[in-house]
Amino acid sequence: MSPLKSLTTARLSTGSNQSALILPRAMQTLFVLFLMLSALMLVPDLAWSSEGAIATEAVVEDVVEHEPAPVMGPRDYRQIGSMSSRSFVWVIAQLHLFLAAFVLAVPLFVTVIEWIGVKTGDQRYDDMAHEFMKVSMTAYSLTALFGGTLAFSLFLLYPTFMGYMMEVFGNQVMVYALLFFLESGVLYIYYYSWYALRYGNKKYIHLTLGVLLNGVGTTLLFVANAWATFMMAPSGVDDAGVVTGGIWDIMRGPLWNPLNLHRFVANIAFGGAIVGAYAGYKMLSAHTMAERAHYDWMGYTSNFIAVLAFLPLPFAGYWLMAEIYAYSQQMGITAMGGILAWLFIVQAVLIGTILLAANYYLWNGMSRCAGSSRYTWLIKYIAGTLVVSFLIWVTPHTLILSAKEIAALGGSHHPLLGPFGIMPAKNIAVNLMLIGTFLSFQLYRRSDKVITVPWAGFGNALMVAIYLIAIANVIFLGVYYGYFTNTVYKVGSSVAQVMSTLIVIISGVVIDTMMFKGAKTLPVKWGQISNRGVYALFALPIAFTWLMALMGYVRSSVRTHWHVYTVMKDNSVDNFIPNIGHAGNMMTVATISFLAIVLFIFWVASLGDTKQPKPEKIANPAQ
Amino acid sequence: MTNTATTNKQAHTLQDADFLTPPGKIPVIAKVLSFMVLMVLIFTGIANLLPQVEGQAPRDIKVDLGALTMGSYIAMGETLFKGKGTCTLCHNNLGRAPDILVLNMEDTAAQRLSAEAYKGEAKDSESYFLESMLAPSKYVVPGYGKEGDPSPMPTIDKAPIGLTAVEMGAIIAFLQAKDGGEPTVELPTDTPEIEETASTTAEPAKPAANAEEVLTKNACTACHAVLDSPSTIGPDLKTIGARSSREEIRESIINPAAVIAEGFPPIMPATFADTMMVKELEMVVDYLLASKGDSAKENSLSTETEKKGE
């Protein structure tokens, strides 16, 4: 090594060490702050509860002085002009939640992708993760803007209600504000240090920042969730709404953890779908095949993230709904069997759209590989099954009909379509849609492979047999136990149907993993997917966004005419559950506004990459 | 061989170029936005096609208890049972809780009080009904409870339902009277403020225009072969006029448990005496009496009944 080179190396090395010393200190400070906050969250009784061992007399007096929830009168509500306060807050809150879900979700999978990049040594992952963050950064400031607008709107339009919420949550709201500062700080450091901390051990520092960012972000989410779940199922207060417990008692209501899980998972699916749309947008705008190939790969990854996170969502939703029933059967029935029940037909349409779009994207994606021609003949059968199943799923059970319509129909239920309206038919439909989707995924994975294991024939036959038996089982259980026995067996058979579907998925993954050993890989031509296929990447976030608005509306509406269920009545002019059409229109206003904002974000993100070419001759401004 | 390879390569290159959006066309952002708006409008359209029902909050109304009779007190109880009390949310034919509107509650109360498993303090149907509302877990009907927390039923005098003592009395009067029993609750003398849902305070319901409408409104077609329904859950009503008298038909509607047709389950609701107006009942009886399998006759009578109704 030449002296000059060794000197340069030494300087670089020293520089590196210095920065390594400075950054960990900054990180240590952040980490300690985070730990302190976490500790406060975990043992808040020590900090806030009057029942804690170290509670002072002053705190005890403070608890005694708590007032009951106010009885709301006309003076407790305000309006901006003739605009409905509920409608205004509805749209602003929904936009804030859309953006917040997105900015909290993106760092979650970005950190995972960054980690995959480190483990595989493939820099494309790192570049993709950075690009995802770039999109998220523009959305972050918009989230804060809508959050601020929402807070001002609530304090302006519902001052007494917000006063009560402040009375209940007290200093916890300042913890939220503190966490927000922390989130902003860590986010900016994480994003802007991307290239400064890219290789070697520094990359691990960067990954740690990612973990810290997600820790703070998730804590923020959980803190905010406590406000929503307190309004649905209040805890830590008595029947009159007087605060009786510490902040931990107030936060950990029966619905808090189910909502935490549901929102956490749903945010990932939602975030994945949005960045998928970004990739689709960039792909359609691409001027070179290399650019198109890059965004095709990015779109595929995003779609994979969205669908992967989407699959466990029904289970999280089931837990939330089970806890709602356990807390109040009346509330559960209002959601699932009462006035809000019709919304679940719209939910079926949206989930059906998501599954159809995901399948359509996979089928189109198969054109990237010549090996897919072996399987294309199957697509029409899968498509047929999906469409028929989708139509069965959305067939309503009870129809509100006029006398003439009933006479024309031949009864209150259609003689042929009526049986499709009940749960056994829908269970068959949903399970067949999931099996069909998995088959599409399996065919996609097999498209770029030539299986070489000697038992390939047996493996394929086994897989086909599993599919056929599972499909026959799903249909038989649904038809026999659904239509020819009583309700007890009907419910029990649905579990066996789900098991059949799970067996297909698990055995499919296991058999494929074993069969892919030593398989010959065929080239995948990224970018060679039809533009129509790319539009599936837009269909997913649109359906996700509307679905999120819909389910959020259901969650909020189960409180019926209560601001805080059983504790604080809503006596405003808007204390009724609007009809589905009105609710749908509101969701559409929020969704279209959000999609316009998303396109703005995409455009701004692209603007950062646009460079004006230097003019050959620059005019002299003085002339 | 080389020529073929070259041709394939050219074809491949052309294929690549085909994927790229040519300049000068509609901007991508416009196309994407249009696609998004179109999809959202489809979802909105579906939401607007579904039945449009509003869920009104209960509202306070004053009841003049000075003018209250036992009949109107019972009627108030029924209104509360189906409205503010939200009882029918679970107590219906879906199996979530005993179907109170179908059961004879006086007989049911007597059975429960004499059951070995009953550990409550009630002595008669009035106190049993009150106890069921204020302490639902005192006695849970076998098959309906849940582990740990015996009854999922909320305490009726607490939020979110929050019925007053007068309102609970009205419900007890309704439960005692609905199957022909004599209410034992006393009429209230105070002047409380009670809540009603908007639906219960709306204009009085108008009677149906003809027998077909009554049969449809009361979902008779769900179980019986009548009008165009082929249902076989209950007896065929298309020929009932040939085998039953006017009195028997009327009895079957207002008290279905009196005579159960052989081979059919005893599932017909006993609520039509309460829910069907006298005029409606007579229209249906006339219609069914004329239903002897002769459609021309049925139609002419239906029209005649409709005219009478005018």
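Residues numbered from 1 in each chain as written. Chains lettered and ligands numbered in written order. Predicted model: local features only at pLDDT ≥ 70, side-chain atom pairs only at ≥ 80, totals over all residues.

Student: Would you explain the overall build of chain B in this entry?
Tutor: Helix and strand counts for chain B stand at eleven helices and two strands. Beginning at the N terminus, the succession of helices and strands in chain B can be written as α-α-β-α-α-α-α-β-α-α-α-α-α. Looking at chain B as a whole, 30% of its 310 residues qualify as buried. Residue pairs in contact within chain B that sit at least 24 positions apart in sequence constitute 58% of those at least 6 positions apart. (Helix = DSSP H or I, 4+ residues; strand = E, 2+ residues; numbered from the N terminus. Buried ≥ 20, exposed ≤ 12 C-beta atoms within 10 Å, placed from the backbone. Contact = placed C-beta atoms within 7 Å.)

Student: Any chance you could explain the overall build of chain A here in plain terms?
Tutor: Within chain A one finds 21 helices and four strands. Counting every position in chain A, which comprises 623 residues, the buried fraction comes to 41%. Looking at chain A alone, contacts between residues at least 24 apart form 82% of all its contacts between residues at least 6 apart.

Student: Before we go on, may I ask you to explain the domain arrangement of chain B in this structure?
Tutor: Many analyses report the size of an interface as the accessible area lost when the parts associate. Residue and element names in this part refer to chain B. If you check the domain split of chain B, you get domain 1 (59-201) and domain 2 (211-309). Across the boundary between the two partners, domain 1 contributes five residues, which contact four residues of domain 2. When grouped by side-chain class, the residues that make up the side of domain 1 that touches domain 2 number two nonpolar, no polar and three charged. (Domains from an automatic or database assignment. Nonpolar A, V, L, I, M, F, W, Y, C, P; charged D, E, K, R; others polar.)

Student: What exactly am I supposed to notice about the environment of A:L284 here?
Tutor: Of note, A:L284 is situated in helix 10 (residues 256-285). As for A:L284 and A:Y535, which are separated by 251 residues in sequence, their C-alpha atoms are 9.3 Å apart.

Student: Honestly, the nonpolar core in this entry has me stumped. Any pointers?
Tutor: Buried together is how nonpolar side chains tend to be arranged in soluble globular proteins. Residue and element names in this part refer to chain A. Counting residues in each nonpolar core, the largest one holds 133 residues, and the members touching the most others are F102, F270, L350, I354, L540, A543 and W546. Ranked by residue count, the leading element in this core is helix 4 (residues 85-120), at 18 residues. Contact partners of I354, with chain neighbours within four places excluded, come to F310, L540, A543 and F544. (Core = buried A, V, L, I, M, F, W, Y, C linked by C-beta atoms within 7 Å.)

Student: Explain the interface of chain A and chain B here, please?
Tutor: At the interface, 55 residues of chain A touch 46 residues of chain B. Broken down by secondary-structure element, the contributors of at least two residues to the side of chain A that touches chain B are helix 10, helix 11 (289-310), helix 13 (329-336), helix 14 (343-365), helix 16 (403-409), helix 20 (531-557) and helix 21 (580-607) of chain A. In terms of residues, the side of chain A that touches chain B owes the most to one element, helix 21 of chain A, which gives eleven residues. Of the residues assigned to the side of chain A that touches chain B, the class counts are 31 nonpolar, 22 polar and two charged.

Student: Honestly, the packing of helix 4 of chain A against helix 21 of chain A in this entry has me stumped. Any pointers?
Tutor: In helix packing, the relevant descriptors are the interaxial angle and the interaxial distance, both defined with respect to the helix axes. Residues and elements named next belong to chain A. As a packed pair, helix 4 and helix 21 sit with axes 9 Å apart at the nearest point and diverge in direction by 40 degrees. Accordingly, the angle class assigned to the pair helix 4 and helix 21 is oblique. As for how helix 4 packs across helix 21, the hand of that crossing is right-handed. Residues S87, W90, V91, Q94, L95 and F98 of helix 4 form the contact with helix 21, whose participating residues are M586, V589, A590, S593 and F594. A breakdown of the residues in the contact of helix 4 with helix 21 according to their chemical character gives eight nonpolar, three polar and no charged. (Axes fitted to C-alpha atoms, helices over the stretch in contact; angles between N-to-C directions. Parallel < 35°, antiparallel > 145°, perpendicular 65-115°, else oblique. Left-handed = near helix turned anticlockwise from the far one by under 90°.)

Student: Help me understand helix 10 of chain A in this model?
Tutor: Across its 30 residues, helix 10 of chain A extends 43 Å between first and last C-alpha, which sits within 8% of the 44 Å expected from 1.5 Å per residue. By the criterion of burial, helix 10 of chain A is predominantly enclosed, with 24 of the 30 residues buried. (Expected span 1.5 Å × (residues − 1).)

Student: Sorry, what's going on with helix 15 (residues 376-393) of chain A here?
Tutor: Given 3.6 residues to a turn, an α-helix orients residues that are three or four positions apart in the same direction. Residues and elements named next belong to chain A. Its 18 residues give helix 15 an end-to-end C-alpha distance of 26 Å, which sits within 8% of 26 Å, the value for a rise of 1.5 Å per residue. Looking at helix 15, one finds that the buried residues are I382, L386, S389, F390, I392 and W393. Within helix 15, the buried residues cover an arc of 155 degrees as seen down the axis, which keeps them to one side. Exposed positions of helix 15 whose direction lies more than 90 degrees from the buried face are W377, K380, Y381 and G384. Contact partners of the buried residues in helix 15: helix 14 and helix 17 (423-447). (Arc of directions from axis to C-beta.)

Student: I'm lost on the environment of A:I542 in this one. Help?
Tutor: One can find A:I542 in helix 20. Using a count of 27 C-beta atoms within 10 Å as the deciding quantity, one classes A:I542 as buried. Here the alpha-carbon distance between A:I542 and A:I354, two residues 188 residues apart in the chain, equals 9.1 Å. Every residue in contact with A:I542, bar those within four places of it in the chain, is listed here: A:L595, B:M36, B:M39 and B:V40.

Student: Would you mind going over the packing of helix 3 (residues 70-82) of chain B against helix 6 (residues 165-177) of chain B with me for this structure?
Tutor: All names here are of chain B. It is the contact of helix 3 with helix 6, at a shortest axis distance of 7 Å, that shows an interaxial angle of 100 degrees. For the element pair helix 3 / helix 6, the angle class is roughly perpendicular. Across from M70, Y73, I74, M76, G77, E78, L80 and F81 in helix 3, the residues of helix 6 making contact are E167, A170, I171, A173, F174 and A177. Here the residues of the contact of helix 3 with helix 6 sort into eleven nonpolar, one polar and two charged.

Student: Just to check I follow, could you spell out the confidence of the model for chain A for this structure?
Tutor: Parts of the model with low pLDDT should not have their predicted coordinates read in detail. For chain A, mean pLDDT is 86; residues scoring 70 or higher make up 86% of the total. Every residue in residues 40-63 of chain A is under pLDDT 50, and counting partners more than four places away or in other chains gives 29 contacts. (pLDDT = per-residue confidence, 0-100.)

Student: Looking at this structure, how should I read unusual backbone geometry?
Tutor: Most peptide bonds are trans, and most residues other than glycine sit at a negative phi. In the segment running from B:A159 into B:P160, the intervening peptide bond is cis, with an omega of 10 degrees. With respect to the helices and strands, B:P160 occurs in the loop between helix 5 (125-134) and helix 6. Despite not being glycine, A:T560 shows a phi value in the positive range, around 50 degrees. Along the chain, A:T560 turns up in the loop between helix 20 and strand 3 (562-564).

Student: Can you help me understand the confidence of the model for chain B in this one?
Tutor: Residue and element names in this part refer to chain B. In the predicted model, chain B carries a mean pLDDT of 78, and 76% of its residues have values of at least 70. Taken together, the stretch residues 1-14 has pLDDT below 50 and engages in zero contacts with residues farther than four places along the chain or on a different chain. Scoring of the predicted complex yields 0.75 for pTM and 0.84 for ipTM.

Student: How should the environment of B:D286 be read in this particular structure?
Tutor: Residues and elements named next belong to chain B. Among the secondary structure elements, D286 is positioned in helix 10 (residues 278-289). On the basis of neighbour counts, which here come to 19 C-beta atoms within 10 Å, the residue D286 falls in the partly exposed class. In the structure, D286 is positioned 70 residues away from T216 in sequence and 16 Å away in space, judged by C-alpha atoms.

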